[in-house]
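# A structural walkthrough
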Amino acid sequence: MTMPADALTDREIEILRFIAEGLSNQDIAQALILAPETVKWYNKHIFSKLHVHNRTQAAARAKALGLLNRDSSASSSPLPIKSFPTQMTSFVGRLREIAAIKEALDRTRLLTLTGLGGAGKTRLALQVASEVMSEFSSGAYFVPLAMAPSADHILWALAEYLNLQFDSHMEPLTQLLQLLSRQISAAGVGQFRSPD
């Protein structure tokens, strides 16, 4: 049985790769910053498209069709151009906040949104990022820091979510800055400088 190359979305293939690696729905949800119910919803669609009934069959069918061998990155860049969690609902309102954030981003490289827990800071930031992404040719990345217990853990959170592996012969921060500098240079945006 054959299927069109575009029958599965990029997200479905991403989830299918995790399934083939033996990850649970909970593990996949954590890796992709999705709710477990959302992963189950994707699984249902994947199984339907592949005409299978379970994870084992899905992994076997994907391997047989060569879906897991497909190159998931269009560029030779070591970092993804976009790695934002999929939003399952539309964004409504907050036009003043969006405009203020965009204006602030014209003046600075780092912007922190503060507010009470549950106020929608992350959702607002993701909405703005999706609207201005085309202005950042070197890429845009979403790295959740909620689980980083202190500032000392931020570097390791970045490494985990950007899928970086550091060489033990060089300081991890230096390696991260060099990688980001290469990304920016490759995009023709200029040099990234570490803070003094």
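So, a few notes on the structure that sits alongside this text. Not measured: the values here are computed from a predicted model.

Here the focus is the overall build of the protein chain. Along the protein chain, the regular secondary structure elements total eight helices and two strands. Start at the N end of the protein chain and walk to the C end: the helices and strands fall as α-α-α-α-β-α-α-β-α-α. Counting only residues that meet the buried cut, the protein chain has 31% of its 196 residues in that class. By element, 54% of the accessible surface of the protein chain is carried by carbon and sulfur atoms, the whole surface being about 13,200 Å².

Before going further, it helps to spend a moment on the packing of helix α5 (residues 95-105) against helix α6 (residues 121-132). Direction vectors running N to C along α5 and α6 enclose 60°, while the axes themselves pass 10 Å from each other. Judged by the angle between their axes, α5 and α6 are oblique. Like other packed secondary-structure pairs, α5 and α6 cross with a definite hand, here right-handed. Contacts from Glu97, Ile98, Ile101, Lys102 and Leu105 in α5 reach Leu124, Gln127, Val128, Glu131 and Val132 in α6.

Moving on: helix α2 (residues 25-32). Those residues of α2 lying buried are Asn25, Ile28, Ala29 and Leu32. Relative to the axis of α2, the buried residues are bounded by an arc of 100° and lie together on one face. Where the residues of α2 are buried, they touch α1 (10-20), α3 (36-50) and α4 (55-65). Directly beyond the C-terminal end of α2, a positive phi value near 55° is found at Ile33.

Right, let's talk about the pattern of salt bridges for a bit. A side chain of one charge can pair with a side chain of the opposite charge if their charged atoms are brought near each other. A full pass over the atoms with the stated rule returns five salt bridges. Note that Glu14 and Arg11 form a salt bridge whose closest N and O atoms lie 3.2 Å from each other. A residue pair is termed a helical-turn pair when its members lie 3 or 4 positions apart in one helix, as Glu14 and Arg11 do in helix α1 at three residues. For the salt bridge of Lys49 with Glu12, the shortest nitrogen-to-oxygen distance reads 2.9 Å. Note that Lys49 is positioned in helix α3 and Glu12 in helix α1, a separation of 37 residues in sequence.

In an α-helix, one turn spans 3.6 residues; hence positions three or four apart end up facing the same way. Residues of α5 that are buried: Ile98, Ile101 and Ala104. Each buried residue of α5 sits inside an arc of 130° when the element is viewed along its axis, so together they form one side. Those residues of α5 that are exposed and aimed more than 90 degrees away from the buried face are Leu95 and Arg96.

As a further point, take the packing of aromatic side chains. The full count for this structure, using the stated rule, is one aromatic pair. Here Trp41 and Tyr42 contribute two aromatic rings whose centre-to-centre distance is 5.1 Å and whose plane-to-plane angle is 75°, an arrangement assigned as edge-to-face. For Tyr42, a relative accessible area of 8% puts it in the buried group.

This part is about the side chain of Gln127. Along the polypeptide, Gln127 turns up in helix α6. On the basis of relative accessible area, Gln127 is assigned to the buried category, the value being 16%. Here the side chain of Gln127 touches Glu131 through a polar contact of 2.8 Å, side chain to side chain. Not counting chain neighbours up to four residues away, the residues in contact with Gln127 comprise Phe91 and Ile98.

Bringing the side chain of Arg11 into the picture now. Judged by relative accessible area, which is 12%, Arg11 ranks as buried. Within the structure, the side chain of Arg11 is placed 3.2 Å from the side chain of Glu14, a separation counted as a polar contact.

What follows is about the nonpolar core. Note on soluble globular proteins: their nonpolar side chains tend to be buried together. Of all hydrophobic cores here, the largest spans 21 residues; its most connected members are Leu8, Ile15, Leu16, Ile28, Ile46 and Leu50. Dropping the residues within four chain positions of it, Ile46 is found in contact with Leu8, Glu12, Ile15 and Leu16. Ile98, Ile101, Leu124 and Val128 belong to the second-largest nonpolar core, a separate cluster that totals five residues.

What counts as what
Going along each chain's sequence as written, the residues are numbered from 1 onward. In keeping with the model being predicted, local features are shown solely for residues with a pLDDT of at least 70 and side-chain atom pairs are shown and tallied solely at 80 or more, while totals for entire chains, interfaces and linings include all residues. Excluding hydrogens and water, the side-chain figures rest on all heavy atoms present in the structure. To qualify as a helix, a DSSP run of H or I must reach at least 4 residues; to qualify as a strand, a run of E must reach at least 2; elements of each kind are numbered from the N terminus. Relative accessibility thresholds used throughout: buried, under 20% of the residue-type maximum; exposed, over 50%; partly exposed, between the two (1.4 Å probe, protein chains only). Here the accessible surface of atoms and residues is derived via Shrake-Rupley with a 1.4 Å probe, and residues count as covered only by protein chains that are part of the display. Every axis corresponds to a line fitted to the C-alpha atoms, with the helix fit spanning only the stretch in contact, and the corresponding angles, defined between N-to-C directions, vary from 0 to 180 degrees. When an angle is under 35 degrees it counts as roughly parallel; over 145 it counts as roughly antiparallel; between 65 and 115 it counts as roughly perpendicular; any other value is oblique. Note: crossing handedness is left-handed where the near helix turns anticlockwise from the far helix by less than a right angle, and right-handed where it turns clockwise. Any two residues whose heavy atoms approach within 4.5 Å at even a single point are treated as in contact. Note: the arc covers the axis-to-C-beta directions of the helix. Salt bridge, as used here: a side-chain nitrogen of Lys or Arg that lies within 4 Å of a carboxyl oxygen of Asp or Glu. Two aromatic rings, drawn from Phe, Tyr or Trp (for Trp, its six-membered ring), form a pair once their centres lie within 6.5 Å of each other, and the interplanar angle then sorts them: stacked below 30 degrees, edge-to-face above 60, tilted otherwise. In the analysis that follows, any N or O atom pair within 3.5 Å is treated as a polar contact, provided that within protein one partner can donate a hydrogen and the other can accept it, and provided that, for residues neighboring in sequence, both atoms belong to side chains. What is meant by a nonpolar core is a set of buried Ala, Val, Leu, Ile, Met, Phe, Trp, Tyr and Cys residues, joined one to another through side-chain atoms within 4.5 Å.

It is worth stressing that arrangement in space is one thing and function is another; only the former is reported here.
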